[in-house]
Amino acid sequence: MTRVNEKLGSGFKGLTVSLALAAAIALPGMPAAAQQPVPEGGSGAMDAGGTATFADLATLADRSDMVIRAQIRDSVAVEPERAPGLAPGHVRLYIEARTQALLSGEAALGESLAYLVDLPLNARGKAPKLKNREVLLFADRVPGRPGFVQLTGKGAQLDYSPALEARVTPLLQALAARDAPPAVTGVGDALAVRGTLAGESETQVFLTTADRSPVSITVLRRPGQEPVWGVSWGEIIDSAARPPRPESLRWYRLACALPPSLPSNTNLARDAEARRLAEVDYEFVVTALGPCTRAITEAPS
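Residues numbered from 1 in each chain as written. Predicted model: local features only at pLDDT ≥ 70, side-chain atom pairs only at ≥ 80, totals over all residues. Heavy atoms only, no water.

A. Up close: the pairing of strand S8 (residues 201–209). Pairing analysis gives nine bridges linking strand S7 (residues 184–194) to S8, with the strands arranged antiparallel. Residue Val184 lies in a different strand from S8, and its bridge partner there is Thr209. Here S8 pairs with strand S9 (residues 215–221) via seven bridges, running antiparallel. Within the sheet, the bridge partner assigned to Glu202 lies in S9 and is Leu220. (Pairing = 2+ DSSP bridges. Helix = DSSP H or I, 4+ residues; strand = E, 2+ residues; numbered from the N terminus.)

B. Local environment of unusual backbone geometry. With a phi angle near 75 degrees, Asn132 is a residue other than glycine that sits in the positive phi range. With respect to the secondary-structure elements, Asn132 resides in the loop between strand S3 (112–120) and strand S4 (134–141). The phi angle at Glu247 is positive, at roughly 55 degrees, despite the residue not being glycine. Tracing the backbone shows Glu247 in the loop between strand S10 (228–232) and helix H5 (249–255).

C. Geometry of the packing of helix H3 (residues 54–62) against helix H4 (residues 162–176). With their axes 10 Å apart at the nearest point, H3 and H4 run at an angle of 50 degrees to one another. By the angle class used here, H3 and H4 are oblique. Note on packing geometry: the crossing formed by H3 with H4 is right-handed. Together, Phe54, Leu57, Ala58, Ala61 and Asp62 of H3 and Leu164, Arg167, Val168, Leu171, Leu172 and Leu175 of H4 make up the contact between the two elements. Partitioning the contact of H3 with H4 into residue classes produces nine nonpolar, no polar and two charged. (Axes fitted to C-alpha atoms, helices over the stretch in contact; angles between N-to-C directions. Parallel < 35°, antiparallel > 145°, perpendicular 65-115°, else oblique. Left-handed = near helix turned anticlockwise from the far one by under 90°. Contact = heavy atoms within 4.5 Å. Nonpolar A, V, L, I, M, F, W, Y, C, P; charged D, E, K, R; others polar.)

By themselves, these are just geometric observations and shouldn't be taken as functional.
As structure tokens, then:
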């Protein structure tokens, strides 16, 4: 195991790295987050210059208490026997870093921080060199351990760049906004109703959300016109509602949460033709939203 003699900075005076490492390994739940390795073939921190998709960044930001810009000061490899769940070809590193900016998070953060991360070994089978590397961290605090943070899963350490910060900042602002859209958990009910004219219909799909706030999708069909759809984020169903802007938080809430087809038990229509129409309109919406593409994260369970 690499030995580091430098003592920790302002937040850790009087503790050597080896002692801090032992304390970090003993933290409840800390290894569990570190057990989620970055994809094979990566080097050091994840390359975020085009690798992370919007869905990746939204997933990481949504589940993290803090987003931190930091510079790595030093790292030490954890012995394999003390790194349960470590994937083959990876190394678990204890990282000391200097806080450069707190992009999101309410609580104050000290100048120094420490955390664990799993990374692929380099081509020589060695731990990657990370000293002085700037990174963006998606993390939670560790209760009772000031200065320690816990990465929130796979891909939660990314190589920092101004371009990456420019992509993440609007997401963080949208998540913190008072009118932030709730997390969609599925489909509650759906109903299609035929109009009085041939080819006229309206389908409403009511969604379930984590905080039980109402969200509904409306699809309108008019004779001789292309179907239109929109989303109402509230109790009032707005006939003038529009689709969410692609790669926005509202888009993410839908595209990355809705099932690919309408669950049969949510279709309230009894008539076979009306049931088919509800299914077609739902698939129309899912197709219009487009795929929820991921490169470094997995869908929340």
